[in-house]
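What follows is each chain in one-letter form.
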Amino acid sequence: MPNVAVIGSQWGDEGKGKIVDLLCERFDVVARFQGGHNAGHTVKFADQHFALRLIPSGILHPGKLCLLGNGMVIDPEALLDEIEKLRALGVSIDGNLKISDSAHCILPYHKALDLAREAAAGGGKIGTTGRGIGPAYETKVGRFGIRVADLLDPDVLRTRIEFACSEKNPLLQTVYGCETFDPEKLYEAYIRYGEVLADRITNGTLWINEQIRSRKSVMFEGAQGTMLDIDHGTYPFVTSSNTVVGGICTGLGVAPKHINRVIGVAKAYTTRVGSGAFPTELLGEEGEHLRRRGNEFGTVTGRPRRTGWLDLPVLRTSVMLNGIDEIALTKLDVLDEIAEIPVCTGYNVRGKVWKTFPSFAVAHGDYKPEYRTLKGWAQSTEGTTSYDALPQAAKDYIRFVEDEIEAKVTIVSTGPRREETIVR
Ligand code: GDP
Ligand code: IMO
Ligand code: MG
């Protein structure tokens, strides 16, 4: 069984959790490689409903092994909270959850800085999830982060926390007028987290490569989406990690030859949370309809998501950046009632038509989206499980997307639950 990556193709919340859960049965290991508890992955089946933030969606399947990779930023408090919540729902979490010793920790000063900067930015804010993600990646790259392994070494942990506080406290107090943190209290909390998590902490890179060498199959679960990638997204309105497929190599220590297939997850329309360019956004009643019909409210923050038409240049860019072999097209049912469905096919930038997303022109507002309007199907596709049973206009919509982005749609999702899916 090949190793497969599941990557968000738009601005996140494409339904990655549902797709990972759906395909999970065929894999032995599910690994996250970037991000933290800014992610919110929903899994629904029968009458069960789970919201995963840090833990791979594979945890819901008994017998699957899950790894939090070195490329992640982990808030131990959020992790322990998530473990407890899942256990309360009957999910078994024992030896099936491993944590890479070189993942970085989120500390309370990261969260405080995230919130303080957003507040100070006013109208220019990014609209982050406020979880401390950006500041945690900053300290990682600044080479004074605290890694998961450090939680197991009292001397190192104390020294690093003291050093970090000597910089973060004046910054918080002087620049942002915020409360400071007592390094001793942080030390006591984090050394305790280390004790509680010790049994799960492992050399994640060696561990996953051993799994691959012993012919176990791995699913790489992406978080966020391609347009939120720190290098390739709509900078600066992005997250702070590499959400594209390349993030797997660095975020797990897995060589590219071990990523055998890439599934891009895409909504049949587009959503975005937070600030930044969204050229196909619908600000009026049509946008409100998509939000209501698609229940477009953040899994993590509950914020209403911005909604708009499908953006093919975004998807083409995503296919290119990730080497997408196949697309899982989600939330087709949300378009059921729309009589005519515009789809953005390209961008006109000063007379030249761009077929991929023209990031610079979009950042400067110097563009005009071009649309093609497709016929709606005006009938319910909710819960449909067979491709043949789809209305012809829905098939035409899917076919149009496939032709335009040059990738096959192999999975069509017609409802939030595992069962509400067409696998072609
Ligand atoms: P993720 O972050 O990519 O895992 O996506 P989220 O879970 O944050 O957001 C996707 C939302 O859409 C969740 O509420 C899902 O339950 C829901 N969902 C997923 N697929 C479908 C679908 O095909 N139809 C409908 N109506 N809802 C879906
Ligand atoms: P999943 O995995 C949608 C967005 C935030 C903000 C920007 C930066 O559920 O698809 P951050 O807290 O990461 O510094 O915020 O990125 N964002 C997401 N949007 N889905 C997500 O995750 C997101 N994670 C972060 O809204 O615009
Ligand atoms: Mg989400």
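Above: the structure in question.
Cut-off values and rules
Residues numbered from 1 in each chain as written. Chains lettered and ligands numbered in written order. Predicted model: local features only at pLDDT ≥ 70, side-chain atom pairs only at ≥ 80, totals over all residues. Heavy atoms only, no water. Pairing = 2+ DSSP bridges. Helix = DSSP H or I, 4+ residues; strand = E, 2+ residues; numbered from the N terminus. Near = heavy atom within 4 Å. Polar contact = N/O pair within 3.5 Å; in protein donor to acceptor, adjacent residues only side chain to side chain. Areas by Shrake-Rupley, 256 points an atom, 1.4 Å probe, with all protein chains shown as cover. Nonpolar A, V, L, I, M, F, W, Y, C, P; charged D, E, K, R; others polar. Domains from an automatic or database assignment. Donors = N, O, S within 2.8 Å, 3.2 Å for Na, K, Ca; no water. Buried < 20%, exposed > 50% of the residue type's maximum accessible area, 1.4 Å probe, protein only. Lys, Arg positive; Asp, Glu negative; His and termini not counted. Salt bridge = Lys/Arg side-chain N within 4 Å of Asp/Glu carboxyl O. Contact = heavy atoms within 4.5 Å.

1. Remarks on the pairing of strand β7 (residues 97-100)
Here is step 1: Relative to β7, strand β5 (residues 65-68) is paired through 3 bridges, and the arrangement is parallel. Its bridge partner lying in β7, Leu 67 is registered against Lys 98.
Here is step 2: As paired elements, β7 and strand β9 (residues 201-202) share 2 bridges and run parallel to each other. The partner of Ile 99 across the bridge, within β9, is Ile 201.

2. Observations regarding the site of ligand 2
Here is step 1: Lining the immediate environment of ligand 2, one finds 20 residues, of which Asp 13, Lys 16, His 41, Thr 129 and Thr 239 sit closest.
Here is step 2: Contact between ligand 2 and His 41: an oxygen atom at 2.7 Å from a side-chain N or O atom of the residue.
Here is step 3: Protein chains bury 97% of the 550 Å² of accessible surface belonging to ligand 2 in isolation.
Here is step 4: For the shell around ligand 2, the per-class residue count stands at 7 nonpolar, 10 polar and 3 charged.
Here is step 5: Two domains each donate at least three residues to the shell around ligand 2, and these are domain 1 (1-100 + 204-424) and domain 2 (104-197).

3. A word on the coordination of the magnesium ion (ligand 3)
Here is step 1: Ligation of the magnesium ion (ligand 3) by protein atoms is provided by Asp 13 (OD) and Gly 40 (O), these donors lying 2.0 to 2.2 Å from the ion. Highlighted residues: Asp 13 in the loop between β1 (4-8) and α1 (16-23) and Gly 40 in the loop between β2 (29-32) and β3 (41-45), separated in sequence by 27 residues.
Here is step 2: The exposure class assigned to Asp 13 is partly exposed, which follows from its relative accessible area of 22%.

4. What about the side chain of Glu 118?
Here is step 1: In this structure, Glu 118 sits in helix α3 (residues 108-121).
Here is step 2: Comment: no salt bridge for buried Glu 118; closest opposite-charge side chain is Lys 125, at 5.7 Å.
Here is step 3: A distance of 2.9 Å separates a polar side-chain atom of Glu 118 from the backbone nitrogen of Ile 126.
Here is step 4: With residues up to four places along the chain from it excluded, the contact list for Glu 118 reads Lys 125, Ile 126, Gly 127 and Thr 128.

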